[in-house]
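An overview of the molecular structure
These are the residues of each chain, in order.
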Amino acid sequence: MKISFIIPYARRSFEKDSTRLLSVINTLIHIPETDIIVFDSSHKPTQNIPCADNIIYIHSPFTHKVYSPAIARNQAVNFSKSDYIFFIDVDLIVPDTLLNQLVSIANTLMSINIKAFEMYPCFYLARESPFNNQINLNKQTQIVCLDSFMKGNNDIIESIALVTSCLLINRKWFIQLKGFDETFIGHGGEDLELICRLTLHYQKGKLPIDFCHDKKTIHPANYEGFRRYLTQYTLEHLFKFNFFIHRWHPRPLTHKYHRQRKSNETLLQTKIQRLMNENNTSISPHQPASLNQFYQSWIKSLQHHYNWPLQAYPGLFHWQQDMIIKRYFWRKCRKLYVKPRLFFTDLIKKQLYKFSQKINRS
């Protein structure tokens, strides 16, 4: 059994050098039974890539107006001859313990069937987090990060993603599914669309009737739609410390790549709805009520099982009580640009809340 780590890369304006790429390569290079495929779409080739038998470096400058992770990943997979592929982002700090288990995990997946896959959660570091410059993700760092988030703090961890592109997939099955959908150009959507396709063939219970709906929240206990359903694939990994950490970096909305996010969200909804119609997917009309009733209690019981009692660790549900939440002006501007309807809805709710508080005091 062999695994290829797929690393799409394109040098970004905020990067002074290729440190992030090189740190990921140097972390992966010693993992047995694996190789590393770096697909570099930068204008100029990256220097100082380590010379090793298990590193395949491809320099292929991107010719489209806007960078597409879907195209880059698909082209990178073409250079793999491994049994399984694992997608790695250059901004990730990767967990040593998980990496050494991947071959064993791949063997387990193969024993189930070719369509079985694994997906791993990811924490996003806050801008001021002390771990942004850390190279290796050791157990102690993971404990600090998980403990901080689970307590409902946001000084180290800004947010969590339970549905991610940190995927371990059978290569032949990935190719049979035709990989990532290349109509997604720019930031967002292509990974979620692929995950939904993978899910249709490797289900954990019937899909809920609101599967096409996408409600992403800071706190996973409030997920709805496919994100809620897909939490079943990753949440237990979190408590087993099988998660990744994403370094902070700017996401300027003026950049053509990030400006595509809104149109990609619309495209994603269309794609998932079409996917459900084409596959005549079996949906339980009774499951949404069950999910609404038992989803949060399932999270609570899982926390309890892994010794993270909800009273002390409310982070999957809400911020810590009386915590001061930092409201950056640039974040408000970003929300107004990306999700104007939600921006004004939240603004009205806040004003109504202030008004009700004022009436109560009087």
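Residues numbered from 1 in each chain as written. Predicted model: local features only at pLDDT ≥ 70, side-chain atom pairs only at ≥ 80, totals over all residues. Heavy atoms only, no water.

1. Considerations on the overall build of the protein chain
Rules: Counting from the N terminus, the helices are the DSSP runs of H or I reaching at least four residues and the strands are the DSSP runs of E reaching at least two. Working definition: with a 1.4 Å probe on protein chains only, accessible area under 20% of the residue-type maximum means buried, over 50% means exposed, and in between means partly exposed. Contacts were defined at the residue level, with two residues in contact if any of their heavy atoms lie within 4.5 Å. Computed by Shrake-Rupley with a 1.4 Å probe, the accessible areas treat only the displayed protein chains as cover when residues are assessed.
When helices and strands are counted, the protein chain shows 14 helices and 14 strands. Scored against the burial criterion, the 362 residues of the protein chain give a buried share of 52%. Taking the contacts inside the protein chain whose residues are at least 6 apart along the sequence as the reference set, 77% of them involve residues at least 24 apart. Counting only carbon and sulfur atoms, one obtains 53% of the accessible surface of the protein chain, whose full area is about 18,400 Å².

2. As for the layout of surface pockets
What counts is decided by this rule: Grid spacing is 1 Å over the protein atoms alone, the probe is 1.4 Å, and a cavity is where that probe fits but cannot get out, while a pocket is an open set with protein on both sides within 12 Å along at least five of seven lines and lining residues have an atom within 4 Å of a point. Grid points are joined across faces, edges and corners, and a volume is the space filled by probe spheres set on the points. We call Asp, Glu, Lys and Arg charged. Ala, Val, Leu, Ile, Met, Phe, Trp, Tyr, Cys and Pro are nonpolar, and the rest, Gly among them, are polar.
Counted as a void, the second largest pocket has a volume near 360 Å³. Class assignment of the residues belonging to the lining of the second largest pocket gives a composition of four nonpolar, seven polar and six charged.

3. Here we look at the sheet that holds strand β8 (residues 157-161)
Within a sheet, neighbouring strands are paired by backbone hydrogen bonds and run either parallel or antiparallel to one another. Formally: When DSSP finds two or more bridges between a pair of strands, those strands are recorded as paired.
A sheet is described by the order of its strands in space; here four strands give the open sequence β5-β13-β7-β8, paired in mixed fashion. Edge positions in the open sheet fall to β5 (92-93) and β8, since each of these has one partner strand only. Bridge count for β5 against strand β13 (residues 244-246) is two bridges, and the pairing is antiparallel. Each residue of the ladder has a partner; that of Ile93, found in β13, is Ile245.

4. What to know about the packing of aromatic side chains
Let me state the cut-off plainly: Note on ring pairs: Phe, Tyr and Trp rings are taken, using the six-membered ring of Trp, and paired if centres are within 6.5 Å. Classes follow the plane angle, with under 30 degrees stacked, over 60 edge-to-face and the rest tilted. Charge-over-ring contacts are defined here by two conditions on Lys NZ or Arg CZ: a distance within 6 Å of the ring centre and an angle within 35 degrees of the ring normal.
This model, assessed by the stated rule, comprises 20 aromatic pairs. Between Phe123 and Phe243 the ring centres are 5.1 Å apart and the planes differ by 80°, which places this aromatic pair in the edge-to-face class. Highlighted residues: Phe123 in strand β7 (residues 122-125) and Phe243 in the loop between α9 (235-239) and β13, separated in sequence by 120 residues. A relative accessible area of 0% places Phe243 in the buried class. In textbook terms, an aromatic cluster arises when at least three aromatic residues are bridged by ring pairs, as seen for Phe117, Tyr202, Phe211, Phe226, Tyr229 and Tyr233. The ring of Phe241 carries Lys139 above its face, with NZ or CZ at 4.7 Å from the centroid. Directly above the ring of Tyr233 sits Lys204, whose terminal nitrogen or CZ lies 5.2 Å from the centroid.

5. Quick notes on the pattern of salt bridges
The criterion, for reference: Salt bridges are counted wherever a side-chain nitrogen of Lys or Arg sits within 4 Å of a carboxyl oxygen of Asp or Glu.
Counted under the stated rule, the structure contains eight salt bridges. For Arg197, the salt bridge is made with Glu193, and the minimal N-O distance between the two is 2.9 Å. One end of the pair, Arg197, and the other, Glu193, are both in helix α7 (residues 190-201), four residues apart, so they sit about a helical turn from each other. Both residues of the pair, Arg197 and Glu193, belong to the buried class.

6. Describing the side chain of His237
Looking at the element boundaries, His237 is found in helix α9. Once you skip the residues sitting within four places of it in the chain, His237 turns out to touch Glu118, Met119, Tyr120, Pro121 and Asn242.

7. Details of the pairing of strand β1 (residues 3-9)
The following threshold applies: A clockwise course of the path from the first strand over the helix to the second, judged with the strands pointing away from the viewer, identifies a crossover as right-handed.
Most of β1 is tucked away, with seven of its seven residues classed as buried. Burial along β1 is two-sided: Ile3, Phe5, Ile7 and Tyr9 and Ser4, Ile6 and Pro8, pointing in opposite directions, are all buried. In this view, the connection linking β1 to its parallel neighbour strand β2 (residues 34-40) by way of helix α1 (residues 19-28) has right-handed handedness. As defined by bridge partners, β1 adjoins strand β4 (residues 84-87) across four bridges and the pair is classed as parallel. By the bridge assignment for β4, Ile6 is matched with Phe87.

8. Digging into the nonpolar core
For the record, the criterion: Nine residue types can take part in a nonpolar core, namely buried Ala, Val, Leu, Ile, Met, Phe, Trp, Tyr and Cys, and a core is a set of them joined through side-chain atoms within 4.5 Å.
Residues Ile7, Phe86, Leu102, Ile169 and Phe244 are the most contacted members of the largest nonpolar core, which totals 73 residues. For this core, the element with the highest residue contribution is α7, accounting for six residues. Here Leu102 is in contact with Ile3, Phe5, Phe86, Tyr120 and Leu168, once residues within four sequence places are set aside. Formed by 29 residues, the second largest nonpolar core is a distinct cluster that contains Leu137, Leu235, Tyr295 and Phe317.

9. Quick word on the confidence of the model for the protein chain
Keep this limit in mind: Per residue, pLDDT measures the predictor's confidence, with a range of 0 to 100.
In this model, the protein chain carries a mean pLDDT of 87, and residues with pLDDT of at least 70 account for 83%. A low-confidence stretch, residues 286-290 stays under pLDDT 50, and its non-local contacts, those more than four residues away or across chains, total six contacts.

10. Remarks on unusual backbone geometry
Backbone geometry at Asn48 places phi at a positive 70°, although glycine is not the residue there. By the secondary structure assignment, Asn48 is in the loop between β2 and β3 (55-59). Phi is positive for Lys178, which is not a glycine, with a value near 70°. Taking relative accessible area as the criterion, Lys178 reaches 71% and is therefore assigned exposed.

11. Some points on the packing of α7 against helix α11 (residues 261-279)
Put simply, the rule reads: Axis definition: a line fitted to C-alpha atoms, limited for helices to the stretch in contact. Angles are taken between N-to-C directions and run from 0 to 180 degrees. Roughly parallel refers to an angle under 35 degrees, roughly antiparallel to one over 145, roughly perpendicular to one between 65 and 115, and oblique to any angle outside these ranges. We call a crossing left-handed when the near helix sits turned anticlockwise from the far one by less than a right angle, and right-handed when that turn is clockwise.
Packing of α7 against α11 leaves a shortest axis separation of 10 Å and a crossing angle of 20°. One way to sum up the angle between α7 and α11 is to call them roughly parallel. α7 and α11 meet at a crossing whose hand is right-handed. From α7, Leu192, Glu193, Cys196, Arg197 and Leu200 reach across to α11, where they touch Leu268, Lys271, Ile272, Leu275, Met276 and Asn279. A breakdown of the residues in the contact of α7 with α11 according to their chemical character gives seven nonpolar, one polar and three charged.

12. Some thoughts on the sheet that holds β3
Spatial strand order, β3-β2-β1-β4-β9-β6: six strands in an open sheet with mixed pairing. Of all the strands in the sheet, the pair left with one neighbour each is β3 and β6 (118-119). Relative to strand β9 (residues 167-170), β6 runs antiparallel, the two being bridged by two bridges. Bridging from a neighbouring strand, Met119 pairs with Leu167 of β9.

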